[in-house]
Every structure is written in C-alpha cells, then in structure tokens.
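This is what each chain is made of:
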Amino acid sequence: STLFPYTTLFRSIPCFHDDQHGTAVVVVAAILSAARATDRDLSELSFGQLGLGAAGSAIAGLASGFGFKELRAFDPNPLGVDRLREVAESGVELTTGTSDDFLEEVIDTSDVLVMTTGRPGLLDPSRVREGQIIMALTNPTAEINPRDALNAGAVVAADGSIVNNVLAYPGLMRGALDANAPAITSSMKRAAAFAIADAAMEGELLPDPLDETVHLAVTRAVSDAAQR
C-alpha cells in the first residue's frame, strides 16, 4: 500500500485525548492537593466516581493507580462500566454498578466524590458528608454548586471553572516529546498530576494556568517519568 510508509512514520508519535486524560490528570492533581491540605493519606480514602463517559472513565482509571482504599464507580450504562474495567489498574479493589441503589451507595460512602454525569443539580446538599472532597464537573451547571457543598460540610469542593485540563496539556505533551516517548503512559500522567499539585501555592487547590513555571515543572516530571 502507498500509505504504508506514512503509517510506519507516524505510529510512534505520542497522542492522547485532552478532554479525557488531560482532565483526569488535573482532577487527580486537585484531589492530591485537597488531601494534603486536610492532612489525609489517599490510602485512607474511598474514591467514588459518578458517570463513566469519556472523561469519567479516564478519571477513575487514572485514580485507580493512586492507592485509594477502595474505588466505586457508577454509570447507568453497562458500557461505561466496561470502559472503566478496560483501563483500570490491575489489583485495585474496584466495585462498579448501574443501579440507582448503587448510585446512592457511592454518594453515601465516598470520601472523595467525582461527578461527570451531565446531570445538573444531581447532588442535594443534604446528601453531602462531613469532610467529603467533592469535584462536580458537569458544565455549564454542575451537579452541586461548590459553595453549597462547602456550606453543607464538604471540606473541599470545586467545579469545572477551577479544575481545567489547560493545566495538563502543554507540559504533558512537551514532556513526552522531549523524552522521545512513543506513547503517553499512566506513569507519565501520574507524574503530571503530582507536579501540578506540587505547584499549587499554600491555600490554593490548583496553580494558576497562566504561570509558565507550572508547565515547565510538568514537562520535566513527565519527561523524567518517560525515561525511567
């Protein structure tokens, strides 16, 4: 085939879906930052994901490599559950479900609750647990207003206006290219999440995306991870 030389040339170029994996990196970075600010270890926290579409499955898949005590994930569509099981790290205690009862269980038992459901107002403030970390990421109207979540007892709450994949993409891609990496791996995405969390100033959940030093830090961390 006349296309064969081009296929060979481009097959080792690293690529990723920014709305999926870029978002996942920044969500996990925000959770790392929140856990540090509240002096909690991820191994003590249960992680809950509501919604396993493109972004949700990537978030839960990446989170499965961070040592949470347990991970529960809900989607009404069995295909979403299957999607997560394909990308989750092996050996992780992962519980999934599609029923309304399981949705309620995830809300009630998760120390960290991430929502990518496309259902504005899904989480009533009365359901928020004291000390819960909440990421309500449906745009333009989230599952719960972060201020309402904080007033209801959440220790940290954020939405898509703060948790934005612009923090991940430039450094993650540049780090991969600098290292001549043939692909972007889970370890590179984990390195990016740690670098973003480390760059947040005291009192901030995430750093300013206009701070170029953040992207340089992510670049170095990703490049180092790619070469290990």
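What this report covers is the structure whose coordinates are included nearby. It should be emphasised that the depicted structure is a prediction, and the values quoted were computed from it without experimental measurement.

What counts, and at which threshold
- Sequence order sets the numbering: in each chain, residues are counted from 1 along the sequence as written.
- Totals for whole chains, interfaces and linings use all residues, but because this is a predicted model, local features are given only for residues with pLDDT of at least 70 and pairs of side-chain atoms are given and counted only at 80 or more.
- Here the side-chain values reflect all heavy atoms present in the structure, with hydrogen atoms and water set aside.
- Salt bridges are identified by distance alone: a Lys or Arg side-chain nitrogen within 4 Å of an Asp or Glu carboxyl oxygen.
- Type-normalised accessible area, obtained with a 1.4 Å probe on protein chains alone, sets the label of each residue: buried when under 20%, exposed when over 50%, and partly exposed for intermediate values.
- Counting from the N terminus, the helices are DSSP H or I runs at least four residues long and the strands are E runs at least two residues long.
- The angle between two axes is taken between their N-to-C directions and runs from 0 to 180 degrees, where each axis is a line fitted to C-alpha atoms and a helix contributes only its stretch in contact.
- For classification purposes, an angle smaller than 35 degrees is called roughly parallel, one larger than 145 roughly antiparallel, one from 65 to 115 roughly perpendicular, and anything else oblique.
- It is the rotation of the near helix from the far one that decides the hand of a crossing: anticlockwise by less than a right angle makes it left-handed, clockwise makes it right-handed.
- Only heavy atoms enter the contact rule, under which two residues are in contact if any of them lie within 4.5 Å.
- For this scheme, ten residues count as nonpolar: Ala, Val, Leu, Ile, Met, Phe, Trp, Tyr, Cys and Pro. Four count as charged, namely Asp, Glu, Lys and Arg, and the remainder, Gly too, count as polar.
- Between rings of Phe, Tyr and Trp, where Trp is taken as its six-membered ring, a pair exists when centres lie within 6.5 Å; planes separated by under 30 degrees are stacked, by over 60 edge-to-face, and by other angles tilted.
- Strand pairing is assigned whenever DSSP identifies at least 2 bridges connecting the two strands.

Tallied over the full model, the rule gives 8 salt bridges. A salt bridge links Glu70 to Arg72; its shortest N-O distance comes to 3.2 Å. Residue classification places Glu70 among the buried positions, given a relative accessible area of 18%. In this structure, Glu105 and Arg72 form a salt bridge, with 3.3 Å as the shortest nitrogen-oxygen distance. Here Glu105, found in helix 5 (residues 100-109), pairs with Arg72, found in strand 2 (residues 70-74); they are 33 residues apart in sequence, far enough to count as distant. Residue Arg72 is classed as buried on the basis of its relative accessible area, which comes to 15%. Bridged by salt links that share partners, the residues Glu70, Arg72 and Glu105 form one connected network.

Remark: helix 2 (residues 18-37) packs on helix 3 (residues 54-63), axes separated minimally by 8 Å, with the N-to-C direction vectors making an angle of 50°. With respect to helix 3, the axis of helix 2 lies oblique. Note on packing geometry: the crossing formed by helix 2 with helix 3 is right-handed. From helix 2, Asp19, Gln20, His21, Thr23, Ala24, Val25, Val27 and Val28 reach across to helix 3, where they touch Ala54, Ala55, Ser57, Ala58, Ile59, Leu62 and Ala63. A class-by-class count of the residues in the contact of helix 2 with helix 3 yields 10 nonpolar, 4 polar and 1 charged.

Here we come to the packing of helix 2 against helix 8 (residues 186-199). The geometry of helix 2 relative to helix 8 is characterised by a closest axis approach of 8 Å and an angle of 45° between their N-to-C directions. By the criterion of interaxial angle, the relationship of helix 2 to helix 8 is oblique. Remark: the crossing between helix 2 and helix 8 carries right-handed chirality. Contacts between helix 2 and helix 8 involve His21, Val25, Val26, Val28, Ala29, Leu32, Ser33 and Arg36 from the first element and Lys189, Ala192, Ala193, Phe194, Ile196, Ala197 and Asp198 from the second. By residue class, the composition of the contact of helix 2 with helix 8 is 10 nonpolar, 2 polar and 3 charged.

Here we take up the packing of aromatic side chains. In this description, an aromatic ring pair is defined by two values, namely the gap between the centres and the angle between the planes. Across all of its chains, the model carries 3 aromatic pairs by this definition. Seen from their ring centres, Phe47 and Phe68 are 5.1 Å apart, and the 50° between their planes marks the pair as tilted. Residue Phe47 is located in strand 1 (residues 46-50), and its partner Phe68 is located in the loop between helix 3 and strand 2; the two are separated by 21 residues in the primary sequence. For the pair Phe47 and Phe68, a shared accessibility class is recorded, and that class is buried.

What follows covers the sheet that holds strand 6 (residues 156-159). The pairing of strands in a sheet comes from backbone hydrogen bonds and takes either a parallel or an antiparallel form. Sheet architecture is open: 6 strands sit in the order 3-2-1-4-5-6, paired in parallel fashion. The sheet is open, and its two edges are formed by strand 3 (94-97) and strand 6, each paired on a single side. Pairwise comparison of adjacent strand axes, ignoring direction, gives a mean angle of 10° for this sheet. Bridging between strand 2 and strand 3 involves 4 bridges; their strand directions are parallel. Within strand 3, the position partnered with Ala73 by the bridge is Thr96. Sitting on the sheet, helix 5 touches strand 1, strand 2, strand 3 and strand 4 (112-115), and the angle it makes with strand 2 is about 140°.

Among the residues of helix 7 (residues 169-178), those classed as buried are Gly171, Leu172, Met173, Gly175 and Ala176. Those residues of helix 7 hidden inside the fold are in contact with helix 2, helix 8 and helix 9 (212-227). Immediately beyond the C-terminal end of helix 7, within one or two residues, lies Asn180, with a positive phi of roughly 55°.

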